[in-house]
Amino acid sequence: MTTPRPLLLRGFRLAVLLAVCALTVVVTDRIPVVTGNLAHVYSLGEDVLTNGKLTTQELIGLIGDCEVPELPPHCGDPPARWSTAERPVAICTFQSGRPPWLAEAQFRQMVVDAAAQWNDAEAAIGIRYNGDCASGARWGTSNRRNEIGFDDERDRVSGRAVAVTLTTTSWSPPINPTVRNIIETDIVVSEIFGNIPECLVSTLVHEMGHAIGFGHSTDINDVMYPSLNSFSAATCRAAPSSAEVSRLRELYGLNLRPRLSTQSAVAAAVGALVSLNALAVDPENEAVTYEWIQTSGPAVALQPGSTGQVNFTAPVSVSILEFRVTARDRYLHPASATVRVTVTGVGTISGTLPQSGLGLFVFNGGTSDQLLAAAACPQSTAVFWSLDADGQFVAYVPGTTVSSVNAAWLAKFPGGLPAGTPLLGRCR
Ligand SMILES: [Zn+2]
């Protein structure tokens, strides 16, 4: 029975490896690098553990482990990993061969969701999904691009398999290697994958686990367990287990997510310019990127401001908007927060309307009812006008019972009036 390596030994080995890596940079042309391919298959059924490693104790293998009857040096210690320069691992998708039930955008979202599961683990590795591959028509190995696609006439996914990850590793020196790197990984999914979205996402999480360095696990609760039952979504594990997260940290080292602070609640006037600010500090002092998205309320156009900042013009209607900001470090570890913006009517006008006759004034934004209140005019006699684009006056008569009278006004200001709207008014 194979037992997990003690953590202390792992730490020691890591230190030695770093020293050797530095050496290879200097004398790289004198150390031959050998490459080889590894394939890990994810299959249907709960009884698939063919590598002879089935134990009652949880064991999470690594992509470069020798499986019976393989022998070093193409597999074995040291563990195969992505070099620092290649992290986070960039992956793109091909759409050809996609099962008919699966839409393009849905597939892309599944890849985003699957990558997020690994990026949430605080290890010095991440997966950067770049959308559909910029060139080419289908996945291929040995092109130094990491791709996710569907099987085709090459038939890499057959029998009970649902997906396979094809990984190219390099090692040096050729005998008794001291460095072993992953240099390419390609994920091939069955073109007849059944319509159980949870299981496809789970499969992508599993294959991405291979892509970043994992072999299979003997624990059925681990996402790296080598089989699933696609008739039971419950068997399709959604995320790495805590044991898998720990193992990933052993492989690449710990790397913590940024700490994020932002306003939790913001008040703004209708039509006002609003700035939202977030500040993230990364424990490892890595550069942080920010992403702002609106999650609820009337849609506004977000404009990037200074670092961590986003600006927008508040809607002209009284409303509540919510935004989500996510900060990510170089390994894409996310830290998120929600900011709620309450947009209130200002309900004021500049100047005072004359007791009789017409007056020109500026309304500071809000609904038509708020305009009437701000003008302090009797509803029965008040009339307001706005100049429209072709120089015609558009009237608002608060006391009218004829709906067509205000139709043009309501069409012009469907959500209320923006701040700074010039108007002509008559009170009595
Ligand atoms: Zn697998």
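Residues numbered from 1 in each chain as written. Predicted model: local features only at pLDDT ≥ 70, side-chain atom pairs only at ≥ 80, totals over all residues.

Asks: Looking at this structure, I do not really get the overall build of the chain. What am I missing?
Replies: Secondary structure summary: the chain contains six helices and 22 strands in total. Long-range pairs, those at least 24 residues apart, make up 71% of the contacts in the chain with a sequence separation of at least 6. (Helix = DSSP H or I, 4+ residues; strand = E, 2+ residues; numbered from the N terminus. Contact = placed C-beta atoms within 7 Å.)

Asks: Would you take a moment to explain the packing of helix H2 (residues 104-119) against helix H3 (residues 197-211) for this structure?
Replies: Each pair of packed helices can be summarised by the angle the axes make with each other and by the distance between the axes. Here H2 crosses H3 at 50°, and the two axes come no closer than 9 Å. Of the possible angle classes, the one that applies to H2 and H3 is oblique. The interaxial crossing formed by H2 with H3 has right-handed handedness. On the side of H2, the interface is formed by Met 110, Val 111, Asp 113, Ala 114, Ala 115, Gln 117 and Trp 118, while H3 contributes Leu 200, Val 201, Leu 204, Val 205 and Met 208. When its residues are assigned to classes, the contact of H2 with H3 shows ten nonpolar, one polar and one charged. (Axes fitted to C-alpha atoms, helices over the stretch in contact; angles between N-to-C directions. Parallel < 35°, antiparallel > 145°, perpendicular 65-115°, else oblique. Left-handed = near helix turned anticlockwise from the far one by under 90°. Nonpolar A, V, L, I, M, F, W, Y, C, P; charged D, E, K, R; others polar.)

Asks: I keep staring at the nonpolar core and nothing clicks. Help me out?
Replies: When a protein is soluble and globular, its nonpolar side chains tend to lie buried together. Counting residues in each nonpolar core, the largest one holds 58 residues, and the members touching the most others are Met 208 and Ile 212. The greatest single-element share of this core, amounting to seven residues, is contributed by H3. The contact partners of Ile 212, leaving out residues within four places of it in the chain, are Trp 82, Val 89, Trp 118, Ile 125 and Ile 127. In terms of nonpolar packing, the next biggest core, distinct from the first, is built from 33 residues, Leu 276, Tyr 290, Val 325 and Leu 371 among them. (Core = buried A, V, L, I, M, F, W, Y, C linked by C-beta atoms within 7 Å. Buried ≥ 20, exposed ≤ 12 C-beta atoms within 10 Å, placed from the backbone.)

Asks: Whenever I open this one, unusual backbone geometry confuses me. Can you help?
Replies: A negative phi angle is the norm for most residues apart from glycine, just as the trans form is the norm for most peptide bonds. Following Asp 77, the chain continues into Pro 78 via a peptide bond in cis, with omega recorded as -5°. On the secondary structure map, Pro 78 appears in the loop between strand E2 (60-62) and strand E3 (89-93). Across the junction of Ser 172 and Pro 173, the peptide omega takes the value -15°, indicating a cis bond. Secondary-structure assignment places Pro 173 in the loop between strand E6 (161-172) and strand E7 (179-189). Here Arg 144, not a glycine, exhibits a phi torsion of approximately 60°, which is positive. Here Arg 144 lies in the loop between strand E4 (127-132) and strand E5 (147-150). The residue Asn 285 is not glycine, and still its phi comes out positive at about 60°. For Asn 285, the position within the fold is in the loop between strand E12 (273-281) and strand E13 (289-296). Here Asn 285 falls in the exposed class, since 8 other C-beta atoms lie within 10 Å of it.

Asks: Honestly, the sheet that holds strand E21 (residues 393-396) in this entry has me stumped. Any pointers?
Replies: Sheets are built from strands that pair by backbone hydrogen bonding, the pairs being arranged parallel or antiparallel. Spatial ordering of the open sheet is given by E18-E19-E22-E20-E21, a layout of five strands whose pairing is antiparallel. Each edge of the sheet is formed by a strand with only one pairing partner; in this case those strands are strand E18 (349-350) and E21. Summarising the sheet, E18 and strand E19 (residues 358-363) pair through two bridges and their orientation is antiparallel. Note on E19: the bridge partner recorded for Ser 350 is Val 362. (Pairing = 2+ DSSP bridges.)

Asks: What's the story with the sheet that holds strand E11 (residues 265-269) in this structure? I'm lost.
Replies: Reading across from one edge, E11-E17-E16-E13 is the order of the four strands in this open sheet, with mixed pairing throughout. In this open sheet, the two strands that pair with only one neighbour each are E11 and E13. Direction aside, the axes of adjacent strands within the sheet are offset by 25° on average.

Asks: Got a minute to help me understand H2 in this structure?
Replies: One full turn of an α-helix is made of 3.6 residues, so residues set three or four places apart face in the same direction. Helix length check: H2 (16 residues) gives 23 Å between terminal C-alpha atoms against 22 Å at 1.5 Å per residue, within 8%. Those residues of H2 that are buried are in contact with E3, E4, E5, H3 and strand E17 (334-344). (Expected span 1.5 Å × (residues − 1).)

Asks: Would you explain the confidence of the model for the chain in this entry?
Replies: Should pLDDT be low for a region, the predicted coordinates there are not to be read in detail. Put simply, the chain has an average pLDDT of 85, and 88% of its residues get 70 or more. Taken together, the stretch residues 1-31 has pLDDT below 50 and engages in 18 contacts with residues farther than four places along the chain or on a different chain. Taken together, the stretch residues 46-56 has pLDDT below 50 and engages in 19 contacts with residues farther than four places along the chain or on a different chain. (pLDDT = per-residue confidence, 0-100.)

Asks: For this particular structure, what's the right way to read helix H5 (residues 368-375)?
Replies: Among the residues of H5, those classed as buried are Gln 370, Leu 371, Ala 374 and Ala 375. An end-on view of H5 places all buried positions within 130° of arc, on one side of the element. Buried residues along H5 sit in contact with E18, E19, strand E20 (383-387) and strand E22 (421-426). Looking one or two residues beyond H5, the residue adopting positive phi is Ala 376, at roughly 55°. (Arc of directions from axis to C-beta.)

Asks: Looking at this structure, I do not really get the environment of Leu 166. What am I missing?
Replies: When you line up the elements, Leu 166 lands in strand E6. We classify Leu 166 as buried; it has 21 C-beta atoms within 10 Å. In this structure, Leu 166 is in contact with Asn 37, Ala 39, Thr 141, Asp 186 and Val 188, ignoring residues within four places of it in sequence.

Asks: Which parts of the structure should I look at to understand the pairing of E3?
Replies: Here E3 lies mainly inside the structure; four of its five residues are buried. Both E3 and E4 contribute to a ladder of four bridges, which runs parallel. Bridge pairing in E4 links Val 89 to Ile 127. Judged from the two bridges that link them, E3 and E5 form a sheet pairing that is parallel. Within E5, the residue paired with Thr 93 across the bridge is Ile 148.

Asks: Can you help me understand the environment of Asp 152 in this one?
Replies: Here Asp 152 shows up in the loop between E5 and E6. Apart from the residues lying within four places of it in its own chain, the contact partners of Asp 152 are Gly 97, Arg 138 and Glu 191.

Asks: Looking at this model, I keep getting lost on the environment of Glu 198. Mind explaining?
Replies: Within the element layout of this structure, Glu 198 appears in helix H3. Assessed through the 16 C-beta atoms surrounding it within 10 Å, Glu 198 is described here as partly exposed. In sequence terms Glu 198 and Ala 233 are 35 residues apart; their C-alpha atoms lie 6.2 Å from each other. Glu 198 has contacts with Ala 233 and Cys 236, leaving out every residue within four places of it along the chain.

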